[in-house]
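One-letter residues, chain by chain:
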Amino acid sequence: MALIKYTTSHGWQFELKLRRTAQKNIILRVDHLGQVRISAPPSVTLAKLQHWLMVNEAKFSHFWQQAWQAQQARVDMPQKIWFRGQSYTYAISQGDEIVWHPLKGFSLPNFSAAQQRELMVNWLRMQAQSVLIERLHHWSRIMQLEPKAVALSQAKTFWGVCRSRTGIRLNWRLIGAPDHVIDYICIHELSHIQHPNHGAAFWSLVARYTTEIKPAKMWLSQYGQQLFQFG
């Protein structure tokens, strides 16, 4: 897939992913990551595409703005960082590592926002690998239900998944949730080993090991979307 560079009249610079198709029309769209994609027939040259973009820039102004905002959100640091059920502020330090204190919050190196984001994601994923997997093993021992394998997921549509062949995967972003939510997701997915559906027997098994079903669901409903602050 080829790339086209285009700068709008606002000074916003984009790399558009070009897809050649048999359709006659040129189609412009923005995906969920803020990447601009353009589809055009093979007969349309790159020069003609640049001209088409310039002529139609005002028409697609909402696309450019949507893409710019999405890309900026992926570069800028959020104002607060969710970790273990708390939303923490952060300060800039002279060190080169991320430091967390339960009362003071986070200290981040004096790097660019993009570098800080990368460090923060790596730090959170490392914590998730330790905490989430340990909690899953903990409940596996208590419930005497053993998944085929355990791993982390970076899915955008589920907090956990249990499959007979591949085992259980937990969304690494759950490291931002409180313990009762993490435990509920672990118990929920482990219960699927015995009951693949969400029938009465399944919920009875979940309720045998946690009384936090409703509070956990309410917490995720209220704050879950904020756990996707790093994408």
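Residues numbered from 1 in each chain as written. Predicted model: local features only at pLDDT ≥ 70, side-chain atom pairs only at ≥ 80, totals over all residues. Heavy atoms only, no water.

*Asks:* How should I be thinking about the overall build of the protein chain in this particular structure?
*Replies:* A count of helices and strands for the protein chain gives six helices and twelve strands. In terms of overall size, the protein chain is more extended than a compact globule, its C-alpha atoms giving a radius of gyration of 23 Å where 231 residues would be expected to give roughly 17 Å. By principal-axis analysis of the C-alpha atoms, the protein chain measures approximately 65 × 50 × 30 Å. Looking at the protein chain as a whole, 43% of its 231 residues are labelled buried. Sequence separation of 24 or more characterises 47% of the internal contacts of the protein chain that already satisfy a separation of 6 or more. Carbon and sulfur atoms make up 52% of the accessible area of the protein chain, which totals about 13,400 Å². (Helix = DSSP H or I, 4+ residues; strand = E, 2+ residues; numbered from the N terminus. Rg over C-alpha atoms; globule rule 2.2 N^0.38 Å. Buried < 20%, exposed > 50% of the residue type's maximum accessible area, 1.4 Å probe, protein only. Contact = heavy atoms within 4.5 Å. Areas by Shrake-Rupley, 256 points an atom, 1.4 Å probe, with all protein chains shown as cover.)

*Asks:* In this structure, what is going on with the sheet that holds strand β11 (residues 160-163)? I would like to understand it.
*Replies:* Hydrogen bonds between backbone groups are what pair the strands of a sheet, and the pairing can be parallel or antiparallel. With respect to topology, three strands assemble into an open sheet ordered β10-β12-β11, the strand pairing being mixed. Across the chains shown, the open sheet's two edge strands, defined by having one partner strand only, are β10 (150-153) and β11. Taking each pair of neighbouring strands and ignoring which way they run, the sheet shows an average axis angle of 20°. Of the strands in this sheet, β10 and β12 (167-171) touch helix α3 (residues 113-143), which is tilted by about 140° from β10. (Pairing = 2+ DSSP bridges. Axes fitted to C-alpha atoms, helices over the stretch in contact; angles between N-to-C directions.)

*Asks:* In this structure, what is going on with the pattern of salt bridges? I would like to understand it.
*Replies:* Opposite charge on two side chains permits them to pair, given that their charged atoms come into close proximity. In total, this model carries three salt bridges according to the counting rule given. For Arg 84, the salt bridge identified is with Asp 179, shortest N-O distance 2.5 Å. Taken together, the positions of Arg 84 in the loop between β5 (81-83) and β6 (86-88) and Asp 179 in helix α4 (residues 179-194) put the pair 95 residues apart, joining distant regions of the chain. By relative accessible area, which is 42% here, Asp 179 ends up partly exposed. A salt bridge links Asp 183 to Arg 135; the shortest N-O distance between them is 3.0 Å. (Salt bridge = Lys/Arg side-chain N within 4 Å of Asp/Glu carboxyl O.)

*Asks:* Honestly, the environment of Arg 208 in this entry has me stumped. Any pointers?
*Replies:* Tracing the backbone through its elements, the reader meets Arg 208 in helix α5 (residues 200-209). Sequence separation between Arg 208 and Gln 129 is 79 residues; the distance between their C-alpha atoms is 26 Å.

*Asks:* Sorry, what's going on with the packing of aromatic side chains here?
*Replies:* Two aromatic rings, taken as a pair, are described by how far apart their centres are and by the angle between their planes. Within this structure, the stated rule accounts for twelve aromatic pairs. Relative to Tyr 223, the ring of Trp 219 lies with its centre 5.1 Å away and its plane at 45°, an arrangement referred to as tilted. One end of the pair is Trp 219 and the other is Tyr 223, both in helix α6 (residues 213-223) and four residues apart, which spans about a single turn. For Trp 219, a relative accessible area of 11% gives the class buried. Through a chain of ring-to-ring contacts, the aromatic side chains of Phe 83, Tyr 88, Trp 100, Phe 106 and Trp 123 assemble into a single cluster. (Phe/Tyr/Trp six-rings, centres within 6.5 Å; stacked < 30°, edge-to-face > 60°.)

*Asks:* It is not clear to me how the pairing of strand β2 (residues 13-20) should be interpreted in this structure. Could you clarify?
*Replies:* Strand residues, when the strand is regular, have side chains that alternate between the two faces of the sheet. The sheet contact formed by strand β1 (residues 2-7) and β2 spans six bridges and is antiparallel. Bridge pairing links Thr 7 to Gln 13 in β2. Here β2 pairs with strand β4 (residues 36-40) via four bridges, running parallel. Paired with Leu 18 across the strands is Ile 38, a residue of β4.

*Asks:* Any chance you could explain the sheet that holds β1 here in plain terms?
*Replies:* Strands sit in the order β1-β2-β4-β3 across an open sheet of four strands; the sheet is mixed. With partners counted over all chains shown, the strands left at the sheet margins are β1 and β3 (27-30), one partner each. Going across the sheet, the axis of each strand differs from the next one's by a mean of 30°, ignoring polarity. Lying over the sheet, helix α1 (residues 46-55) contacts β1, β2, β3 and β4, oriented at roughly 40° with respect to β1.

*Asks:* Help me understand the nonpolar core, please; the structure alone is not making it clear to me.
*Replies:* What tends to happen in soluble globular proteins is that the nonpolar side chains get buried as a cluster. Counting 45 residues, the largest nonpolar core has Phe 106, Met 120, Leu 124, Leu 170 and Leu 174 as its most contacted members. Not counting residues up to four positions away in its chain, the partners in contact with Phe 106 are Ile 81, Phe 83, Tyr 88, Thr 89, Tyr 90, Ala 91, Ile 98, Val 99, Trp 100, Met 120 and Trp 123. One finds Phe 14, Leu 16, Ile 38 and Ala 67 within the second-largest nonpolar core, a separate group that totals 20 residues. (Core = buried A, V, L, I, M, F, W, Y, C linked by side-chain atoms within 4.5 Å.)

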